[in-house]
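What follows is the residue order along each chain.
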Amino acid sequence: MKALLALSLLTLTACSTHYQLAGISRSRIVIDSRYDASPDAATTAVLAPYKLKVDSVMMPVVGTVARDMAAVRPESDLSNLLADILVWAGRNYDEKPVLGVYNMGGIRAALTKGDVTYGDVLAIAPFENKIAFITLTGEQLMELFGQIARRGGEGVSHGTELVITADGNLVSARLHGKDIDPKANYRVVTIDYLVQGNDGLTAFPKGSGLVSPQEESNNSRFIIMDYFKAKAAKGEAVDAHVEGRVKIKD
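Residues numbered from 1 in each chain as written. Predicted model: local features only at pLDDT ≥ 70, side-chain atom pairs only at ≥ 80, totals over all residues. Heavy atoms only, no water.

Peer 1: Whenever I open this one, the overall build of the protein confuses me. Can you help?
Peer 2: The secondary structure content of the protein amounts to eight helices and 11 strands. By residue count, 38% of the 250 residues in the protein fall in the buried class. Restricting to contacts in the protein with at least 6 residues of sequence separation, those with at least 24 account for 77%. When the accessible surface of the protein is totalled, it reaches about 14,800 Å², and 56% of it is carbon and sulfur. (Helix = DSSP H or I, 4+ residues; strand = E, 2+ residues; numbered from the N terminus. Buried < 20%, exposed > 50% of the residue type's maximum accessible area, 1.4 Å probe, protein only. Contact = heavy atoms within 4.5 Å. Areas by Shrake-Rupley, 256 points an atom, 1.4 Å probe, with all protein chains shown as cover.)

This is the structure we're talking about:
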């Protein structure tokens, strides 16, 4: 037994190395259109069947957009649009939310004027976030608005009027032309990621009456595509504008 142990230790010692890290260097390779000028034929051939499959999924047009749109704080056309789409989707769930909230951090791409494909929507909403409805009291809603102010603004739906300071304080809040009643109940639509209290919006989990169906069809990207398709069926381009939903106090 002792001989076997000694042999094992000798083997481990023999296998050990004395290499040490001598240094680290790095470089950056910019991947841009220059690589498209001289594509590698063999690589292109290998990728061709996969590209065909991906394009068949990603390239179908779901609608059109009237202008270039991007998400920026405190308010933007794209974040306004996505918050409004959540409110619009309420009808498919027998819900009538008075407020929609979509987080800026969850908007991962912009839209370019013209046709919008499945791939474009997927780029905007790449996560598995599902639509979620919850009831907040007026007091909880004001807490939520304060948290939105601290984040410098999030996507909020039409009818919201928030005034915040540059350093993240809430000055005032109104909804559909009315002050917030601290004792009233407000039905809010958002995504399940936020309703769990993520992105600093910790007022959400304090609410009640949560409805958040988890089937794949309730993913935000499919809801966004449904909206574009509904507009396209009417021959309309999707549009949105900055309306003063979130204002920075001078």
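Peer 1: Explain the environment of Ser220 here, please?
Peer 2: By secondary structure assignment, the location of Ser220 is in helix H8 (residues 220-233). Residues Ser220 and Lys130 lie 90 residues apart in sequence; the distance between their C-alpha atoms is 5.5 Å.

Peer 1: How should the side chain of Arg221 be read in this particular structure?
Peer 2: Tracing the sequence through the fold places Arg221 in helix H8. Judged by its relative accessible area of 6%, Arg221 falls in the buried class. For Arg221, the contacting residues outside a window of four places in its chain are Tyr118, Val121, Leu122, Ala125, Pro126, Phe127 and Glu128.

Peer 1: Where do I start with the nonpolar core in this structure?
Peer 2: Note on soluble globular proteins: their nonpolar side chains tend to be buried together. Counting residues in hydrophobic clusters, the biggest one holds 54 residues, and the most contacted among them are Leu81, Val101, Tyr102, Leu141, Leu144, Phe204 and Phe228. Here this core gets eight residues from one element, more than from any other, and that element is helix H4 (residues 77-89). (Core = buried A, V, L, I, M, F, W, Y, C linked by side-chain atoms within 4.5 Å.)

Peer 1: How should the sheet that holds strand E5 (residues 155-156) be read in this particular structure?
Peer 2: Across the sheet, five strands lie side by side as E5-E2-E9-E4-E10; this open sheet has mixed pairing. The sheet terminates laterally at E5 and strand E10 (208-211), the two strands that pair on one side only. As judged from the seven bridges shared by strand E4 (residues 131-137) and strand E9 (residues 185-191), these two strands associate in the antiparallel manner. Each residue of the ladder has a partner; that of Thr135, found in E9, is Arg187. In the packing of H4 onto the sheet, the strands contacted are strand E2 (99-102), E4, E5 and E9, and the crossing angle to E2 comes to about 130°. Contacting E2, E4, E5 and E9, helix H6 (residues 138-150) runs over the sheet at an angle of about 115° to E4. (Pairing = 2+ DSSP bridges. Axes fitted to C-alpha atoms, helices over the stretch in contact; angles between N-to-C directions.)

Peer 1: Got a minute to help me understand H8 in this structure?
Peer 2: Within an α-helix, residues lying three or four positions from one another point in the same direction, as the helix has 3.6 residues per turn. Taking 1.5 Å of rise per residue, 14 residues should cover 20 Å, and H8 covers 20 Å from first to last C-alpha, within 8% of that figure. What H8 keeps buried is the set Ser220, Arg221, Ile223, Ile224, Met225, Tyr227 and Phe228. With a side-chain oxygen positioned 3.0 Å from the backbone nitrogen of Arg221, the residue opening H8 is Asn219. Looking one or two residues past H8, Gly235 carries a phi angle of roughly 75°, positive in sign. (Expected span 1.5 Å × (residues − 1). Polar contact = N/O pair within 3.5 Å; in protein donor to acceptor, adjacent residues only side chain to side chain.)

Peer 1: I'm lost on the sheet that holds strand E7 (residues 170-175) in this one. Help?
Peer 2: Each strand in a sheet pairs with its neighbour through backbone hydrogen bonds, running either in the same direction (parallel) or in the opposite one (antiparallel). Judged by pairing direction, the sheet is mixed, and its four strands sit side by side in the order E8-E7-E6-E11 without closing on themselves. Strands with a single pairing partner mark the edges of an open sheet, and in this sheet they are strand E8 (178-179) and strand E11 (246-248). Summarising the sheet, E7 and E8 pair through two bridges and their orientation is antiparallel. The residue bridging Arg174 from the neighbouring strand is Asp179, located in E8. Relative to E7, H6 is tilted by about 125°, and along the sheet it contacts strand E6 (160-164) and E7.

Peer 1: Sorry if this is basic, but what is going on with the side chain of Asn129 here?
Peer 2: One can find Asn129 in the loop between helix H5 (118-124) and E4. For Asn129, the residues in contact, after removing those within four places along its chain, are Ile191, Asp192, Tyr193, Asn218, Asn219 and Ser220.

Peer 1: Mind showing me how you'd approach the environment of Asn80 here?
Peer 2: The residue Asn80 is located in helix H4 in this model. Each C-alpha atom of the pair Asn80 and Val242 lies 7.3 Å from the other, and the pair is 162 residues apart in sequence. Among the polar contacts listed, one links the side chain of Asn80 to the side chain of Glu75, at a separation of 2.7 Å.

Peer 1: What is the right way to read the pattern of salt bridges from this model?
Peer 2: Where charged atoms from two side chains of opposite charge approach closely, those side chains can pair. Here the structure, examined in full by the defined rule, presents 11 salt bridges. Close ionic contact of Glu154 with Arg73 constitutes a salt bridge, the shortest N to O distance being 3.0 Å. In this pair, Glu154 is assigned in the loop between H6 and E5 and Arg73 in the loop between strand E1 (61-65) and H4, connecting sequence segments 81 residues apart. Residue Glu154 is classed as buried on the basis of its relative accessible area, which comes to 1%. By relative accessible area, which is 37% here, Arg73 ends up partly exposed. Ionic contacts of the salt-bridge type, sharing partners, join the residues Arg73, Arg151, Glu154 and Asp199 into one network. (Salt bridge = Lys/Arg side-chain N within 4 Å of Asp/Glu carboxyl O.)

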